[in-house]
Structure formats: C-alpha cells, structure tokens
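Structural characterization, general
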Amino acid sequence: MNRTTLSLIAGTTALAAVTAFAAFDSPSASKAAPEAAARLPVERTSLLCPAPSASDIADTSYTSFTPVTKGAASGGKAQLQAADGQSADGSGSQKGKDGKGGKGGGKKAGQPVLTPKAPGTPATGDTSGGEEPALIGTADGGFAPGWTVQQTTEVAAGTGRGLQGVNCTGADTEFWFPGAATAAGRTDYVHLTNPDDSAAVVDIELYGKNGAIKAPLGENLTVDPHASDAILLSTLTDERQQDLTVHVSVRSGRVGAAVQALDDKAGGDWLAAAADPSDSLVLPGIPKDATDVRLIAFTHGDDDADLKVRLASPAGLITPAGSETLHVKSGMTTAVDLGDVTRGEAGSLVLTPADQAVPVVAALQVVRGKGDKKETAFIPATAAVGARATSADNSAKGTTLALTAPGGTATVKVTASAGSEGGSPVTKTYTVRSGTTQNVDAPVPTGLKGTYALTVEPVSGGPVYASRTLAATEDGVPAFTVQTLPDDHGMVAVPQTEEDLAILQK
C-alpha cells in the first residue's frame, strides 16, 4: 500500500498540536543545525471495516482497543458509523453483494455496534445475520494513538464457512492483493469503502499467470461518499484462474480496500493488502500444523524477479527442498505449492533477491485440516512491527503470537491489556534469535474476563515481524484466521524545521 498520503495527513495533524510551529526560522535564516524530528502521539485517526458477511448464519464480533501511549492527549473519543448512512448495527437500506437491498441485525437505528472504552481496555460488540454494513470509524484525542479494531466472523456452514478475520484499516490510494481467484468454487469480492465527503474513482486491475487480464468493467468505478461497494471479481472477467493478483488504484479520493476470498469446500477468509512492493519480504506466522501452503507472488516492473525462498524456523533459516528459488515473470502472477513446509514447527517465509533486486508483492494461502474438514486463511507480506504493533480480540485459548527476526537477534516486549470484562495487564519480554520464528507463550491478563489485546514493542536488536492466529475447532473443522501486525501508527514524526517538513513530504 502507498502510505505517503496517510503519513502526510498524520504529520499535518500532529503539526496542528505544536504551538506556533509556523514561527520557526528556516535553516538559511537561522543558520542553525536542523533539529531532529520529534515523535509525538497522533491526535486523530480513522479506520474502515468492510461489510462482514451476507450469510444469514454468520455471527460477527468487533473489538476496539487503544493502547496506553505516553504523552497522548487527554479526552477525545472513538466511534464507528455505518457506511451508506446506516446505523452501525446495519439497520437501514444498503446494496447487498447481489445489488439488492438488505436488512441488518434488527437493533434500533443509531444504536452503535460497540462503545469504545478508555485507552488500555478493550470494548466488544457483536451482530448476527446477513447484510451487516461496512463501518467507518474515527478516533481523536487520547483514543487515537494506535487505535485498533478487529472484525471476526464465524460462518457455520456454506461457502466460506469457518472463521473470517480482518483488521480494520485506514484509507489509502493503492493496494495489492496477490492470492485472489476467479476459479470454480471460489467467490471473491473486492470491498471498497469511501470515508470522505466526495466520491472516489477507482480502477481494479487483474493479473493472471499469463499477464494482465482484460477487465474493462473494473475501470472508473465510482464509490459514493461515506459508502461501501463489494465487487464480485468473476463479474469483471470471463477467465477462471486459481491465482490472481488484484491491483486497486484510486484516481481521485481515497478508499479502504480488502478482498473477501470464499471457497465452496475449503472455507475462506479475508485477504488483506500486501506490503508495498519490495525486493525483500517477510510473511510471518505460518501455523505449525498447516497441511498445505501456497506462495503467490507478482512483480509489476520491467524486469523478472528471482527470489531466494527460505523458512525462518525455530532453529534458524532453512531452504525448503525443491523450492529453493522462485522465478517471477514481469506482469504475471506466479504461484508455487510448498506443501506442509513447516513440518510441525513454527515458521515464517522470508523472500530475498537471488540476483538483482526487483520489487515484488506476495501472499500465502494456508490450509489447515484435510478432506472435507479443511479451512483456509491468508498471510500477506507485511511491514516490520516498527515502534509498536497492536492486536485486539485475543482469548486465553486459541491465540498464537508468532515473532520473527530475519536479521539480527531481537528483544521484544509483549503486553497483555486488561480484559474487556475484567483483569489486570501483564507484560513479558522475549528474545528472538537471528533468523528464527517463535510461537511465544503470549501473556494473559491476571483474572481475565472477556477478550484482551496484545501490544508488541521491540526493545533492542534487529527488525521484528509478527502475526496473530485465532483458532477454534468447529464440528471437526480447524477454523482459523491470521492477522499480520505492522506498526500501529500511534506515533508520528513532527518536523522541527521547514527542511524537515520537506523531507516528510517526499
């Protein structure tokens, strides 16, 4: 994703909190050495949650959490509003995925799906039934730094049955989704949500194994203000392909985007956007009992990419037999089956250049179980944790936190928040050796009641990548969903001089 717009907006917001910032002299005027940019808590942020499910037997829970941040503003609030002018519970009219109007969960109009609590304590809410709306959320003051909302849906049967989870994300102007499909048995939707007062114009491009796919119906799509649309990929092309890369680019405005990938027999999940194209990628937290792992990669540049494929295991970096390298042709989606690559141990995939550095995007399609008891989830390449990452909607059982240090050994602090219904925070520190992945014994709040949040903060050493897996066995099906944990953008660099502002804008 292109983070430039988001970073600039966040930087501008933080600037507004600096008294008389316009009075600073330029370096040429003062002839003083430029000061280092200060890092301050953000004062306003927004999140977008896609419409969860059209199934009448789906139950969706939302968890809102803001970590305690030193120096954060006091006061403020966080709220979730339904797209298309609905109440946050789904009452009111909305175009469903078949283009028809749908009804919500039956709560009173205007009743929120949840009311966020003060920083440090999660708040939860739930809905049931089909055609629940997309949500548009804003937080300011002390609620803004690191605000996280997790959307988790349980579908009892039918296409996409199992556990579907997604972190609600901010709006942006570009998204890459390797791992989508239009194959028989797959029903994939691109969800687009516009949080702004003016319409957004969006293009959806599809790339298959032989290159770009003609999809004129994906051009110049208009997403109305404060509205959300779900576009069925198979309506954009007649080609049926197992592995697609979807590129969402915004001509005007900005949107939030996510792909809902549903399978008739192997469950389904949300496919979150992959990290920005890079020559080196990390895909953290493959479940140790994965029965099949499929790597999907794409490069949009003029050159082909040759990648070294390695698994960061608990013992160190190893090369999967038979999958030592991957050749990715320019403009073509490439996929390779890695089988049960983790062999019963924690693992993360690490991709690095085998020759020249060529930016790529990538994701993993992961299967647990066998036969008619299979369930599918996705792990996109992700950015490092950075200063802090936040994960909401955790439970004492069924939560797995994976930490990966592909470079140098790292020390990491993990804090379990108070529970949504009671309990006291607990903090533990872990050492992740260079080139390894650890499924850590994540801390649990003392006296936990309800769900809780985890914050991950690197203390020293090399970069850390992380993901959280939620798992629940339902009627013999090993249902699960995986969310990667990049930086939660709770802090922003505030330029101290005009020179620093020019650097931030680049």
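A few points on the structure. Note that the coordinates shown come from a computational prediction; the quantities given were computed from them, not determined experimentally.

What follows deals with the sheet that holds strand S17 (residues 268-271). Strand order in the open sheet formed by four strands is S14-S10-S16-S17, with antiparallel pairing between adjacent strands. The strands lining the two open edges of the sheet, one partner per strand, are strand S14 (227-232) and S17. With strand direction ignored, the average angle separating the axes of adjacent strands in the sheet is 20°. Summarising the sheet, strand S16 (residues 256-263) and S17 pair through four bridges and their orientation is antiparallel. In the strand pairing of S17, Val259 is matched with Leu271.

Taken as a whole, this structure holds one disulfide when the rule is applied. What pairs with Cys49 in a disulfide is Cys168, and their sulfur atoms sit 2.1 Å apart. On the S-S bond that ties Cys49 to Cys168, the torsion sits near 110°, and the link is right-handed. Placement of the pair is Cys49 in strand S2 (residues 44-49) and Cys168 in the loop between strand S8 (162-167) and strand S9 (174-180), with a sequence separation of 119 residues. Each member of the pair, Cys49 together with Cys168, is buried.

Here we take up the environment of Tyr452. Mapped onto the secondary structure, Tyr452 falls in strand S34 (residues 452-461). The exposure class of Tyr452 is buried, given its relative accessible area of 1%. Separated by 387 residues in the primary sequence, Tyr452 and Phe65 place their C-alpha atoms 8.7 Å from one another. Of note is the side chain of Tyr452, whose polar atom sits 3.3 Å from the backbone oxygen of Pro443.

This part is about the nonpolar core. If you look at the biggest cluster of nonpolar residues, it comprises 28 residues, and the most contacted ones within it are Phe177, Val190, Leu192, Ile204, Leu206, Val246 and Val248. Counting only elements with at least two residues in this core, the list comes to S9, strand S10 (186-194), strand S11 (200-208), strand S13 (221-223), strand S15 (244-252) and S16. The residues touching Ile204, leaving out its near neighbours within four places in the chain, are Val190, Leu192, Gly218, Leu221, Ile231, Leu236, Val246, His247 and Val248. Among the nonpolar cores identified, the runner-up in size contains 27 residues, and Ile286, Val309, Val341 and Ala381 belong to it.

In this section: the pattern of salt bridges. Under the criterion given, the structure shown has eleven salt bridges. Note that Arg161 and Glu375 form a salt bridge whose closest N and O atoms lie 3.9 Å from each other. With a gap of 214 residues between them, Arg161 in the loop between strand S7 (148-155) and S8 and Glu375 in strand S26 (residues 375-380) connect regions that are remote in the sequence. With respect to class, Arg161 is no different from Glu375; both count as buried. A single salt-bridge network, built from bridges that share partners, covers Asp243, Arg294 and Asp337.

Let us now look at the sheet that holds strand S35 (residues 465-474). On the basis of which strands lie adjacent, the open sheet formed by four strands has the order S32-S28-S35-S36 and antiparallel pairing. Strands at the two margins of the open sheet, each flanked by one partner only, are strand S32 (436-440) and strand S36 (477-484). Pairs of neighbouring strands in the sheet enclose a mean axial angle of 25°, with direction left out of account. Pairing of S35 with S36, which is carried by eight bridges, proceeds in the antiparallel orientation. From the neighbouring strand, Thr469 faces S36, where its bridge partner is Val482.

Among the surface-exposed residues, Asp302, Asp303, Asp304, Asp306 and Asp355 lie close enough to one another that they form a single negatively charged patch. For Asp302, a relative accessible area of 78% puts it in the exposed group.

Attention now moves to the pairing of strand S3 (residues 58-65). S3 sits mainly inside the fold: six of its eight residues count as buried. Relative to S7, S3 runs antiparallel, the two being bridged by eight bridges. Bridging from a neighbouring strand, Phe65 pairs with Thr148 of S7. Where S3 meets strand S5 (residues 123-128), six bridges bridge the pair, whose relative direction is antiparallel. Looking at the pairing, Thr63 lines up with Thr124 of S5.

For the rest of this paragraph, the subject is the packing of aromatic side chains. Summed over all chains, the structure comprises three aromatic pairs. Measuring from centroid to centroid gives 6.3 Å for Phe175 and Phe177, while their planes differ by 10°, and the two rings are stacked. Overall, the relative accessible area of 0% leaves Phe177 in the buried class. Summarising the aromatic geometry, the rings of Trp176 and Phe298 are spaced 5.6 Å apart at their centres and angled 35° between planes, so their arrangement reads as tilted. Highlighted residues: Trp176 in strand S9 and Phe298 in strand S19 (residues 292-298), separated in sequence by 122 residues. Exposure class is identical for Trp176 and Phe298. Each is buried. Within the aromatic cluster, the residues linked to one another by ring pairs are Trp176, Tyr207 and Phe298. Across from the ring centre of Phe480, 5.2 Å away, lies the NZ or CZ of Arg368, which sits over that ring.

Basis of the calculations
Residues numbered from 1 in each chain as written. Predicted model: local features only at pLDDT ≥ 70, side-chain atom pairs only at ≥ 80, totals over all residues. Heavy atoms only, no water. Pairing = 2+ DSSP bridges. Helix = DSSP H or I, 4+ residues; strand = E, 2+ residues; numbered from the N terminus. Axes fitted to C-alpha atoms, helices over the stretch in contact; angles between N-to-C directions. Disulfide = S-S within 2.5 Å. Buried < 20%, exposed > 50% of the residue type's maximum accessible area, 1.4 Å probe, protein only. Polar contact = N/O pair within 3.5 Å; in protein donor to acceptor, adjacent residues only side chain to side chain. Core = buried A, V, L, I, M, F, W, Y, C linked by side-chain atoms within 4.5 Å. Contact = heavy atoms within 4.5 Å. Salt bridge = Lys/Arg side-chain N within 4 Å of Asp/Glu carboxyl O. Patch = residues over 30% accessible without salt bridge, like charges linked within 9 Å, V, L, I, M, F, W, Y side chains within 5 Å. Areas by Shrake-Rupley, 256 points an atom, 1.4 Å probe, with all protein chains shown as cover. Lys, Arg positive; Asp, Glu negative; His and termini not counted. Charge placed at Lys NZ, Arg CZ, Asp CG, Glu CD. Phe/Tyr/Trp six-rings, centres within 6.5 Å; stacked < 30°, edge-to-face > 60°. Lys NZ or Arg CZ within 6 Å of the ring centre and 35° of its normal.

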